[in-house]
Amino acid sequence: MGRYICKARLLLAAFLLSFPAFPQTFTGTVSGRVVDREQLSFAGASVTLHNVEKDFERRTSTDATGEYHFQLIPPGTYRLKAEYPGFARSEINVEIVVATSVRADLTLRIQPAREEIKVLGEGAVSVQTENASLGQVITPHELTELPSLGRSLYDFIAIMPGATSSNDALGVGVAVDGGRTQSANYLLDGAENNEIFMSAPAMDVPLDSIQEFKVQTNHFSAEYGRNSGFTVNIVTKSGTNTLHGSLYDYFRNSAFAANTFDNNAHGLPRAVFNRHQFGGTIGGPLRKGKLFFFASTEAIRVRSSGPNNFFVPTPQLLAASSAGTQAIFERFPLPKNLSTTNVRNEFVCPYGFSCDPQSGGGLVSLPAFAFTSRIGPQDFGAGPPQNTILTIGHVDWVHGSKTQASVRYAIENKDQFAVAYQPYSTELDVPLYGHNQNVSINVIHAYSPRFATESRIAYDRVTGDPERFGGEGDSVPKPPIPSFSILNEPISLPGGSPDAFGPTNGYQFFQNNTYSVGKHVLRFGAQFVHLRQNYTFGIAGQIADAQFANTQGFVDGTVQLYSIAVDPKGHLPGESIDPPFGPPNFTRHYHYNEPALFIADTWRINPRLTLTPGLRWEYFGVFHSPGSEEVLDSNFYPGSGANFLVQVADGRMMRTVDAPGKLKGRFYLPDYKNFAPRMGLAYDPFGDGKTAVRAGGGLFYDRRVGWELFRAFQNPPAYSFVRLDNISLTPEIVTDQYAVFPNSSVPLVEALSR
């Protein structure tokens with residue numbers, strides 16, 4: 001099941017720094033030509049790429065046209081040298097950045113040239129003419145020097161050309177080049193770092209642990225898939241032959257902030273907040289030239305407390321109200337610090353009295369709602385109150401000149417304190433948690449100067465970030481209480497909160513291969529991602545929504561609208577449910593399988609023109625429940641008929657295990673035809689490396705946003721949502737949400753009136 005988006009772009013760049021894309025990898029390439037002063041090429045020249053920081057090197061030789069290629073090169077600083085009998089050696093410095101190609105031509109002379117420090121790559125202005133891709137690398141210097149209020153690396157996406165705020169509570173809140181916010185792919189050292197439910201980054205890592213951070217905004221090559229928007233590729237630091245480390249502390253304090261206008265108006269003190277974001281890094285050799293380590297830890301401590309302002313019912317209003325309304329406040333009493341001056345009066349008819357609303361006979365004027373405040377935790381300028389730990393560890397092993405291996409483990413534990421969103425009781429406050437981890441093993445091996453491979457396995461367990469509509473929270477209070485409100489009134493009433501979300505386990509396998517022959521550099525590979533959700537989606541009716549129409553309805557204890565999820569016990573709409581009534585199962589453990597294959601070619605037709613044709617196939621697996629939970633899966637299935645409208649009219653809801661034909665056991669039929677051809681063109685019109693004309697096009701398939709699919713659990717007959725109109729609130733309903741139902745069969749219809 002995929003949605004495709006066709007893109008076609010023509011891009012012109014003069015003196016523009018731009019970078020190509022690679023398969024889900026953090027490695028780069030170095031290619032070029034060895035020539036003499038007359039620009040005649042050397043066939044069979046020896047070319048060596050030496051890593052300055054870890055002291056390993058790769059060797060190759062030029063082909064008949066003088067071209068050489070180094071593939072799957074980890075980011076870092078390198079010394080590139082070319083040698084040929086009878087000529088002096090030529091050397092330059094090359095800086096490889098994340099998922100980037102560097103073009104480095106070397107010139108051999110009869111006599112040694114004076115030593116020249118020349119840097120090619122991120123540190124130099126260089127127009128890439130290798131392919132049609134565009135992106136931008138953010139260096140560690142920029143990450144540490146540019147202002148970032150929360151020191152989240154994903155804040156820097158907003159400075160990309162074409163980035164705009166999306167304001168849709170998805171992803172990181174940024175859309176790039178007109179694409180959807182959720183059409184993004186987040187990578188951490190080449191492994192997926194996606195929270196699939198809200199299409200957001202799964203976890204943060206310490207900012208000082210980042211070696212390079214790249215946002216790929218246009219990628220027409222076949223190596224990338226599963227999104228049509230942008231790709232964020234993050235590479236973390238690793239150890240070198242030199243022991244190094246750092247310590248830091250960033251803080252924010254309310255001493256530098258002014259009080260709010262509202263607090264001043266009510267004579268309330270300034271909120272107090274204090275944020276410390278501190279940590280350190282250390283890295284170096286375990287065995288010089290062979291084994292290296294790097295570790296980084298960052299702690300975030302936020303304490304933020306101040307007055308939170310509310311309007312609540314007064315004791316006078318409750319005294320005039322029904323027993324059902326009074327029962328709400330017997331369980332959660334009114335605050336004691338009610339204002340005697342900031343009070344709103346209303347005319348109401350006391351419960352049990354007869355009044356004439358037309359003439360006003362029997363109505364009494366009383367103080368109905370009073371101002372109150374509660375000193376408690378909340379975000380007053382330093383972020384949500386929390387204890388957070390970010391930690392990452394990295395071990396690298398260099399085995400000769402052909403093999404590099406690395407193991408990386410990252411963890412994020414965020415405990416976000418319960419915030420004072422209501423004035424009644426701490427029992428109604430909800431803490432949130434975000435516990436995420438990601439581990440990957442990566443091996444790069446060069447079998448020959450022409451053929452190299454990259455293999456990666458990764459595992460992540462993700463609950464998401466509470467600050468990005470993720471995380472995990474427990475239902476409060478016990479037993480649940482409906483969420484009461486007065487329609488169109490800014491009045492705070494007691495209400496419960498549902499269970500929210502849970503972990504997703506991801507198992508990732510990647511294999512990338514490169515082979516260079518003549519004017520072609522072929523890249524081909526595969527990936528397989530298996531996802532297991534363990535979500536509880538209590539937002540969908542676990543806590544009843546109880547709305548009073550107005551203040552008089554509150555006094556009378558008449559709930560205009562009462563909606564709650566119920567277990568239909570295998571029944572469908574139009575049928576009836578027998579008592580006892582209770583909640584459905586809000587938890588699902590959906591599984592997904594997502595394989596993909598690709599092949600791409602970088603065809604350098606001549607020094608001025610390069611084509612990058614490719615083809616990608618990917619499959620977005622039909623999600624399903626495992627084992628005994630499969631009977632909970634259900635969907636609407638069209639019936640028979642001559643056309644689609646007739647089929648819909650004849651269709652019905654049924655369990656997937658009872659679905660007809662090929663649909664048996666499936667929500668929908670799988671789509672194995674997600675073939676995505678790509679073509680890119682890069683042209684240097686003047687042959688001087690200063691101007692590039694790029695064009696590209698292709699098909700892209702987006703992964704569906706997780707919550708869109710997950711809400712299939714709301715399909716009957718395992719779930720139903722019932723709405724009751726104009727019910728009389730009783731004290732029993734305050735402690736048992738399902739006491740609202742009669743002790744008799746209830747039809748499954750959209751609304752019931754009582």
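Just so it is clear, the structure is predicted and the values come from calculations on it, not from any experiment.

K.L.:
Could you clarify how one ought to interpret the overall build of the protein in this entry?
P.N.:
For the protein, the helix and strand inventory stands at eight helices and 48 strands. Along the first, second and third principal axes, the C-alpha set of the protein runs to 110 × 75 × 45 Å. Across the 754 residues in the protein, those meeting the buried criterion constitute 54%. If you take every contact in the protein between residues at least 6 apart in sequence, the share linking residues at least 24 apart comes to 72%. On the protein, roughly 31,500 Å² of surface is accessible, and the fraction owed to carbon and sulfur atoms is 57%. Each charge class in the protein was averaged separately, 62 positive and 69 negative side chains, and the resulting centres sit 8 Å apart.

K.L.:
Whenever I open this one, the pattern of salt bridges confuses me. Can you help?
P.N.:
Note on pairing: side chains with opposite charge can pair once their charged atoms come close. In this structure the tally under the stated criterion is 24 salt bridges. Among the salt bridges present, the one from Glu454 reaches Arg456, with a minimum N-O distance of 2.8 Å. We classify Arg456 as buried; its relative accessible area is 2%. One network of salt bridges, in which partners are shared, links Asp204, Lys414, Asp465, Glu467 and Arg468.

K.L.:
Would you take a moment to explain the environment of Gly376 for this structure?
P.N.:
For Gly376, the position within the fold is in strand 24 (residues 364-377). Sequence separation of Gly376 and Ala271 is 105 residues, and the distance between their C-alpha atoms is 9.5 Å. Setting aside residues up to four positions removed in sequence, Gly376 forms contacts with Ser304, Ser305, Gly306, Asn308 and Ala420.

K.L.:
Whenever I open this one, the nonpolar core confuses me. Can you help?
P.N.:
In globular proteins that are soluble, nonpolar side chains generally tend to be buried together. One finds Leu493, Phe548, Tyr562 and Phe741 to be the most contacted residues of the largest nonpolar core, which totals 45 residues. One finds Phe197, Tyr590, Tyr592 and Phe713 within the second-largest nonpolar core, a separate group that totals 26 residues.

K.L.:
Help me understand the state of the cysteines in this model?
P.N.:
Working definition of a disulfide: a covalent bond connecting the sulfur atoms of two cysteines. The full count for this structure, using the stated rule, is one disulfide. Across the disulfide, Cys349 is cross-linked to Cys355 (sulfur-sulfur distance 2.1 Å). The disulfide joining Cys349 to Cys355 has a torsion of about 85° about its S-S bond and is therefore right-handed. Owing to a relative accessible area of 24%, Cys355 belongs among the partly exposed residues under this scheme.

K.L.:
Would you mind going over the packing of aromatic side chains with me for this structure?
P.N.:
The geometry of two aromatic rings is summed up by the distance between their centres and the angle between their planes. Throughout the structure, instances matching the rule amount to 37 aromatic pairs. Ring geometry for Tyr459 against Tyr507: centres 5.3 Å apart, planes inclined by 50°, an arrangement best described as tilted. With Tyr459 in strand 28 (residues 451-462) and Tyr507 in strand 32 (residues 504-517), this residue pair connects regions lying 48 residues apart in the sequence. With a centroid separation of 6.0 Å and 15° between ring planes, the pair formed by Phe484 and Phe548 is classed as stacked.

K.L.:
Where do I start with the pairing of strand 7 (residues 90-96) in this structure?
P.N.:
Burial within strand 7 is extensive, with five of its seven residues counted as buried. Sheet topology note: the strand 6 (residues 76-83)/strand 7 ladder contains seven bridges and is antiparallel. Opposite Tyr78, over in strand 7, you have Val94 as the bridge partner. Here strand 6 folds back onto strand 7 in antiparallel fashion, the turn holding six residues, of which Gly86 has a positive phi close to 90°.

K.L.:
Looking at this model, I keep getting lost on unusual backbone geometry. Mind explaining?
P.N.:
Most peptide bonds take the trans form, and the phi angle of most residues other than glycine is negative. Lys478 connects to Pro479 through a cis peptide bond whose omega is -10°. Assignment of secondary structure puts Pro479 in the loop between strand 29 (472-473) and strand 30 (483-486). Between Pro716 and Pro717 the backbone carries a cis peptide bond, its omega angle lying at 15°. A positive phi is found at Asp55, a non-glycine position, where the angle reads about 65°. Relative accessible area serves as the criterion here: at 45%, Asp55 is assigned to the partly exposed category. The phi angle at Ser199 is positive, at roughly 55°, despite the residue not being glycine.

K.L.:
I would appreciate a short explanation of the sheet that holds strand 15 (residues 191-192) in the present structure.
P.N.:
Note: strands within a sheet are paired through backbone hydrogen bonds, in either parallel or antiparallel orientation. Spatially, 11-18-19-14-15 is the arrangement adopted by the five strands of the open sheet, whose pairing is mixed. Only two strands of the sheet have a single partner each, and these edge strands are strand 11 (134-138) and strand 15. In terms of strand pairing, strand 18 (residues 210-218) meets strand 19 (residues 230-236) through six bridges, oriented antiparallel. Within the sheet, the bridge partner assigned to Glu212 lies in strand 19 and is Val235.

K.L.:
Could you clarify how one ought to interpret the pairing of strand 3 (residues 46-51) in this entry?
P.N.:
Two faces make up the sheet, and in a regular strand the side chains alternate between them. Across five bridges, strand 3 lies against strand 4 (residues 57-61) in antiparallel orientation. Of the residues in strand 4, the one forming a bridge with His50 is Glu57. Between strand 3 and strand 4, which pair antiparallel in sequence order, lie five residues; one of them, Asp55, sits at a positive phi of approximately 65°. Pairing geometry for strand 3 and strand 6, over six bridges, is antiparallel. Note on strand 6: the bridge partner recorded for Asn51 is Tyr78.

K.L.:
How do you make sense of the side chain of Thr551 when you look at a structure like this?
P.N.:
Along the chain, Thr551 turns up in helix 5 (residues 551-556). For Thr551, a relative accessible area of 4% puts it in the buried group. Here the side chain of Thr551 touches Glu346 through a polar contact of 3.0 Å, side chain to side chain. Beyond its immediate chain neighbours, meaning those up to four positions away, Thr551 contacts Leu317, Arg344, Glu346, Val348, Phe369, Ile486 and Glu489.

K.L.:
Help me understand a nonpolar patch on the surface in this model?
P.N.:
On the surface, a nonpolar cluster with roughly 710 Å² of combined accessible area is contributed by Leu286, Val395, Val407, Ile441, Val443, Ile457, Tyr507, Phe509 and Phe528. Of all the secondary-structure elements, those providing two or more residues to the nonpolar patch are strand 27 (432-446) and strand 32. The class for Val407 is partly exposed, based on a relative accessible area of 41%.

K.L.:
What is the right way to look at the confidence of the model for the protein in this model?
P.N.:
Looking at the protein, the pLDDT average stands at 87 and 93% of residues meet or exceed 70. In the model, residues 113-119 has pLDDT below 50 throughout and makes eight contacts with residues more than four positions away in sequence or in other chains. When the criterion is pLDDT under 50, residues 750-754 qualifies, and its contacts beyond four places in sequence or with other chains add up to 15 contacts.

K.L.:
Hey, could you run me through the side chain of Asp208 in this one?
P.N.:
Residue placement: Asp208 occurs in the loop between strand 17 (200-201) and strand 18. Taking relative accessible area as the criterion, Asp208 reaches 13% and is therefore assigned buried. Once residues within four sequence positions are removed from consideration, Asp208 is found in contact with Thr144, Arg151, Lys237, Ser246, Tyr248, Thr281 and Phe294.

What counts, and at which threshold
Residues numbered from 1 in each chain as written. Predicted model: local features only at pLDDT ≥ 70, side-chain atom pairs only at ≥ 80, totals over all residues. Heavy atoms only, no water. Helix = DSSP H or I, 4+ residues; strand = E, 2+ residues; numbered from the N terminus. Buried < 20%, exposed > 50% of the residue type's maximum accessible area, 1.4 Å probe, protein only. Contact = heavy atoms within 4.5 Å. Areas by Shrake-Rupley, 256 points an atom, 1.4 Å probe, with all protein chains shown as cover. Lys, Arg positive; Asp, Glu negative; His and termini not counted. Charge placed at Lys NZ, Arg CZ, Asp CG, Glu CD. Salt bridge = Lys/Arg side-chain N within 4 Å of Asp/Glu carboxyl O. Core = buried A, V, L, I, M, F, W, Y, C linked by side-chain atoms within 4.5 Å. Disulfide = S-S within 2.5 Å. Phe/Tyr/Trp six-rings, centres within 6.5 Å; stacked < 30°, edge-to-face > 60°. Pairing = 2+ DSSP bridges. Polar contact = N/O pair within 3.5 Å; in protein donor to acceptor, adjacent residues only side chain to side chain. Patch = residues over 30% accessible without salt bridge, like charges linked within 9 Å, V, L, I, M, F, W, Y side chains within 5 Å. pLDDT = per-residue confidence, 0-100.

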